[in-house]
Amino acid sequence: MKKQVSALLAGVILPFSILAGCGGGSPEGKASGGDSAEKVVISYLDPLPSEERTSFMEGMIEKFEAENPNIDVEYSSVPWEDAHTKWMMMGASKTLPDVISVDDTSLAGLAAAGYIANLQSYYDSWDQKDKTTEAFKQARNKYQDQVYAIPDAFLLQGLFVRSDWFKEKGLPETIETWDDYFKLAQELTDESKGQYGIAFRGGAHGIIRAMEYVMAAVHADSWFDAEGKSILYQPEAKEAFKRFYDIYLNGNAPSESVNWGFNEMVQGFMNGQAGILNQTPEVIAVAEKNMTEGTWNVLPMPKSDDGKRYIYWGYTAGYSIAENSEHKDEAWKFIEFLSKPENNLEYSKANTSIPIYQESLQDEFFSTGPIAGYAGAMADSNIVFAGPPSYLPTLSDFTGTFAVTETQKYMMRGQSLDDTVKHLADYLTEAQSKYKQQNP
């Protein structure tokens, strides 16, 4: 999902020399102890800089400092593309800022290296934890079953739909099940008009969308079975794979979508080539800017035949504390402040993301308009995380290169279904086996 998040990045970036100098708090501060009369200075590193976000976070820091006059927060940022490298370098040199925002794909590596602190004891005493959503409770914020980050907010998949097409064809604007999805892929297709049911992602990372459906079809919460073998070996998974790619093979997606990535599929939806687009909330702003009001909407992801929604979601960048911090109590107080229901709600609205609290989903901002489709899914207790195995070192090579080559051979009718599925399953199973051997 970081492809989507990276689209937000730009603008205010402070020099690394400044970042390196702020690790572990300021020498002006004292050891942990929020009741100290002497002022403590803690540092916060944000990996998602933009003019708007920086302004928002600095405003939050001002509010925090007003409520906690004995704590100052030094804000700094680093571009997303460089964040993981910087985290690891600063962790190794014990110069990580007191509080850092990390994503769910980097958390395990930082925790395993001992660079970020175990927050389980803080989390256990946190009075807000029982008010959070099911997505928060299932978030990948743990290492060895211990909490190492507090999610900030969530991005997830939803279905953008062309409301005008549904109206023209007299179709109800609902997609309750995956059967509905595949049926609509056919009903919305009119080749004579250059209109197709689905904005299909045949290019980089398109396999993630396919596996999302495969998991729903076989009711799996992992790409692997209990023995560590790819679920694609299962006959019903192969059939689900075939059904998904039949959207393209049966002409219910533009022919050029064999190569479509994120930008192309969004454009295909907005320019009237496709009636349904599976994407994340950030596309709302793009659609609002480029499409006529009332011609589009967002619906929750479909339910499987077991009544559950299998969805890929992740937090934007959760709050962690550096292990080298000398002010962990003050750092936690800052995280607690940012995570207050009212502050998290304001943050989520500003970033068009989904808040971490169940009650916040009832706010008018999330209960009306396109964002309601996402909030509705996150409010459903019958959701299952259907994301890729981000812990695999070769996952990006698989989703971005290997799977693209294999699926495109199949989509261009140059390779059989059996060979395609076997090649994908073999790659994944070998990667999983290697990972398990190295991480017993």
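Everything discussed here concerns the structure shown above.
About the criteria used
- Residues numbered from 1 in each chain as written.
- Predicted model: local features only at pLDDT ≥ 70, side-chain atom pairs only at ≥ 80, totals over all residues.
- Heavy atoms only, no water.
- Helix = DSSP H or I, 4+ residues; strand = E, 2+ residues; numbered from the N terminus.
- Expected span 1.5 Å × (residues − 1).
- Buried < 20%, exposed > 50% of the residue type's maximum accessible area, 1.4 Å probe, protein only.
- 1 Å grid on protein atoms, 1.4 Å probe; cavity = no way out; pocket = protein on both sides within 12 Å on 5 of 7 lines; lining within 4 Å.
- Points joined across faces, edges and corners; volume = space filled by probe spheres on them.
- Nonpolar A, V, L, I, M, F, W, Y, C, P; charged D, E, K, R; others polar.
- Pairing = 2+ DSSP bridges.
- Axes fitted to C-alpha atoms, helices over the stretch in contact; angles between N-to-C directions.
- Contact = heavy atoms within 4.5 Å.
- Phe/Tyr/Trp six-rings, centres within 6.5 Å; stacked < 30°, edge-to-face > 60°.

**Examining helix H4 (residues 80-92)**
Point 1. The end-to-end C-alpha distance of H4, which contains 13 residues, comes to 19 Å, matching closely the 18 Å that a straight helix rising 1.5 Å per residue would cover.
Point 2. Within the span of H4, buried status applies to Trp80, Ala83, Lys86, Trp87, Met90 and Gly91.
Point 3. Looking one or two residues past H4, Lys94 carries a phi angle of roughly 55°, positive in sign.

**A short note on the layout of surface pockets**
Point 1. Computed from the structure, the largest pocket encloses a volume of approximately 1,200 Å³.
Point 2. Of all the secondary-structure elements, those providing two or more residues to the lining of the largest pocket are helix H5 (107-112), strand S4 (142-143) and helix H19 (417-438).
Point 3. Class assignment of the residues belonging to the lining of the largest pocket gives a composition of 13 nonpolar, 13 polar and six charged.

**Remarks on the sheet that holds strand S3 (residues 99-102)**
Point 1. Ordered by their spatial adjacency, four strands build an open sheet running S2-S1-S3-S13, and the pairing between neighbours is mixed. Looking along the sheet, the strands with just one partner apiece sit at the ends: strand S2 (71-77) and strand S13 (318-321). Between one strand and the next, the sheet's axes are offset by a mean angle of 25°, whatever the strand orientation.
Point 2. Sheet topology note: the S3/S13 ladder contains four bridges and is antiparallel. Within the sheet, the bridge partner assigned to Val99 lies in S13 and is Ile321.
Point 3. Lying on the sheet, helix H3 (residues 51-67) is in contact with strand S1 (40-46) and S2; it crosses S2 at an angle near 170°.

**Thoughts on the environment of Trp313**
Point 1. Position of Trp313 among the secondary structure elements: in strand S12 (residues 313-315).
Point 2. In this structure, the C-alpha to C-alpha distance between Trp313 and Met378, residues 65 residues apart in sequence, is 9.3 Å.

**Some details on the sheet that holds strand S9 (residues 274-279)**
Point 1. Taken together, the four strands give an open sheet; going across it, the order is S8-S9-S7-S10, and neighbouring strands pair in mixed fashion. The strands lining the two open edges of the sheet, one partner per strand, are strand S8 (196-198) and strand S10 (297-299). Each neighbouring strand pair of the sheet contributes to a mean axis angle of 25°, computed without reference to strand direction.
Point 2. Judged from the four bridges that link them, strand S7 (residues 158-161) and S9 form a sheet pairing that is antiparallel. Its bridge partner lying in S9, Val161 is registered against Ile276.
Point 3. Against the sheet, helix H12 (residues 262-270) contacts S7 and S9, and its axis sits at roughly 140° relative to S9.

**Examining the packing of aromatic side chains**
Point 1. For the coordinates displayed, the defined rule picks out 34 aromatic pairs.
Point 2. Between Trp178 and Tyr181 the ring centres are 5.0 Å apart and the planes differ by 70°, which places this aromatic pair in the edge-to-face class. Of this pair, Trp178 and Tyr181 both sit in helix H9 (residues 178-187), three residues apart, which is roughly one turn of that helix. By the burial criterion, Trp178 is buried, and Tyr181 matches it.
Point 3. Ring pairs connect the aromatic residues Trp178, Tyr181, Phe182, Phe200, Tyr213, Phe241, Phe244, Tyr245, Tyr248 and Tyr410, which therefore count as one cluster.

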